[in-house]
Amino acid sequence: MGVKKLVIIVNKMDDCKWAQARFEEIQSKLTPFLNATGYADEDLIWIPIAGLTGENIKEPLNKANWYKGKPLLEVLDDIKIGEDRDAGGPLRIPILDKMKDKDLIVHGKVESGTIRLGDKLAIMPSGNLAQVLALFDGKNQVVKYATPGENVQIKINVADDDLIQKGFVLCKREFRMPVTDIWEAEVDILDLLEYKPIISKGYTCYMHIHTFGDEVVIKDIVSSTETSDKGEVTIK
């Protein structure tokens, strides 16, 4: 799902008087499960806190000398996001919602590229045209541009409001997103319906991508892998 780092908060540490043994016990029991889901030890950040008293959330912890890390908010601030996203790449903004006031405003998140005031856009997959009249960031402040990872509100002009739906993607007119009925995807199977317990060629299901949803049919299974509880991968 694109999540590369996990911050695991161990709460109510004040109940056990910040015992290191209890913290490490929780760590040792959860780590194998998280490893099996694809996260290596270096992708896991463990933080002991006491939510009721706010300890180790904003201010450094002084009740457990064994914890050498930073408080929760500092850890979150230090995590780098969007480093693998290309601000100079083709513009891709999946539409999360739209609102009609005096003008039409669409809400979305910049996944790739950079959007600027005045940009001429294409709404995919329909190919209808639009232009950026104003840009607002996640705090509803006016901005001149937005880069990958930023939530934006975009005031646009378009011939018909019905031409824009949730799940459509905003692109630059000269670098439009390809449109296809067949594609290859990598999926993780978490659970299956009781009456359809096996995925095979011809399997029908409903696909959700961002806010877009549609029925799909599996045309073929190219390959499959299985990860054991010990993190061992078997290619089938």
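Structure shown above.
Residues numbered from 1 in each chain as written. Predicted model: local features only at pLDDT ≥ 70, side-chain atom pairs only at ≥ 80, totals over all residues. Heavy atoms only, no water.

**Concerning helix α1 (residues 20-36)**
With 17 residues, α1 should cover 24 Å at 1.5 Å per step; its first-to-last C-alpha distance of 25 Å lies within 8% of that length. The sharpest bend along α1 measures roughly 30° and falls at Leu 30, with the proline Pro 32 sitting one to four residues further on. If you follow the buried residues of α1, they end up packed against β1 (6-10) and β2 (44-48). Gly 38 occupies a position one or two residues after α1 and carries a positive phi of about 110°. (Helix = DSSP H or I, 4+ residues; strand = E, 2+ residues; numbered from the N terminus. Expected span 1.5 Å × (residues − 1). Bend = angle between axes of the 7 residues up to and from the residue. Contact = heavy atoms within 4.5 Å.)

**Description of the pattern of salt bridges**
Counted by the stated rule, this structure contains seven salt bridges. Among the ionic pairs, Asp 43 bridges to Lys 5, the shortest N-O distance being 3.8 Å. With a gap of 38 residues between them, Asp 43 in the loop between α1 and β2 and Lys 5 in the segment before β1 connect regions that are remote in the sequence. Of the charged contacts, one joins Glu 55 and Lys 63 as a salt bridge, the two residues approaching to 2.9 Å between their closest N and O atoms. For Lys 63, a relative accessible area of 52% gives the class exposed. (Salt bridge = Lys/Arg side-chain N within 4 Å of Asp/Glu carboxyl O. Buried < 20%, exposed > 50% of the residue type's maximum accessible area, 1.4 Å probe, protein only.)

**A look at the side chain of Thr 114**
Relative to the helices and strands, Thr 114 is located in the loop between β4 (104-109) and β5 (115-116). For Thr 114, a relative accessible area of 8% translates into the label buried. Setting aside its immediate chain neighbours within four residues, Thr 114 contacts Ala 87, Leu 91, Asp 119, Tyr 145, Ala 146, Thr 147 and Lys 172.

**What to know about the packing of aromatic side chains**
Each aromatic ring pair is described using two quantities: the centre-to-centre distance and the angle formed by the ring planes. Enumeration according to the criterion identifies two aromatic pairs in this entry. Judged by centre distance (5.2 Å) and plane angle (40°), the rings of Phe 23 and Trp 66 are tilted. Placement of Phe 23 in helix α1 and of Trp 66 in the loop between β2 and α2 (72-78) is noted, with a sequence separation of 43 residues between them. Owing to a relative accessible area of 5%, Phe 23 belongs among the buried residues under this scheme. Aromatic side chains Trp 66 and Tyr 67 sit 6.4 Å apart centroid to centroid with 80° between the ring planes, which places their arrangement in the edge-to-face category. Ring-pair connections join several aromatic residues into one group, and the members of that group are Phe 23, Trp 66 and Tyr 67. Here Lys 196 stacks its cationic end above the ring of Tyr 203, 4.4 Å away from the centre of that ring. (Phe/Tyr/Trp six-rings, centres within 6.5 Å; stacked < 30°, edge-to-face > 60°. Lys NZ or Arg CZ within 6 Å of the ring centre and 35° of its normal.)

**Some remarks on unusual backbone geometry**
Cis geometry marks the peptide bond from Met 124 to Pro 125; its omega dihedral reads 15°. Residue position: Pro 125 is located in the loop between β6 (120-124) and β7 (128-136). The phi torsion at Lys 17 lies on the positive side, around 55°, for a residue other than glycine. Looking at the secondary structure, you find Lys 17 in the loop between β1 and α1. Given a relative accessible area of 75%, Lys 17 falls into the exposed group. The phi torsion at Asn 56 lies on the positive side, around 65°, for a residue other than glycine. Mapped onto the fold, Asn 56 is located in the loop between β2 and α2.

**Regarding the nonpolar core**
In this structure, Ile 115, Ile 154, Ile 164 and Leu 170 are the most contacted members of the largest nonpolar core, which totals 20 residues. When contributions to this core are tallied by element, the ones reaching two or more residues are β3 (93-100), β4, β6, β7 and β9 (151-157). Not counting residues up to four positions away in its chain, the partners in contact with Leu 170 are Leu 91, Arg 92, Ile 93, Ile 95, Val 106, Leu 121, Ala 122, Ile 123 and Ile 154. One finds Ile 8, Met 13, Leu 34 and Leu 44 within the second-largest nonpolar core, a separate group that totals 17 residues. (Core = buried A, V, L, I, M, F, W, Y, C linked by side-chain atoms within 4.5 Å.)

**With respect to the pairing of β4**
One ladder, built from five bridges, connects β3 with β4; its direction is antiparallel. Looking at β4, one finds that Lys 98 is bridged to Val 106. The antiparallel hairpin formed by β3 and β4 contains three residues in its connecting segment. When β4 meets β9, the two strands line up antiparallel, connected through six bridges. (Pairing = 2+ DSSP bridges.)

**Some words on the sheet that holds strand β10 (residues 169-172)**
Spatial strand order, β3-β4-β9-β7-β6-β10: six strands in a closed barrel with antiparallel pairing. Neighbour-to-neighbour, the strand axes of this sheet turn through a mean angle of 50°, independent of strand direction. Two strands pair when backbone bridges link them, and β7 and β9 are joined in this way by five bridges, in the antiparallel orientation. The partner of Leu 135 across the bridge, within β9, is Ile 154. (Axes fitted to C-alpha atoms, helices over the stretch in contact; angles between N-to-C directions.)

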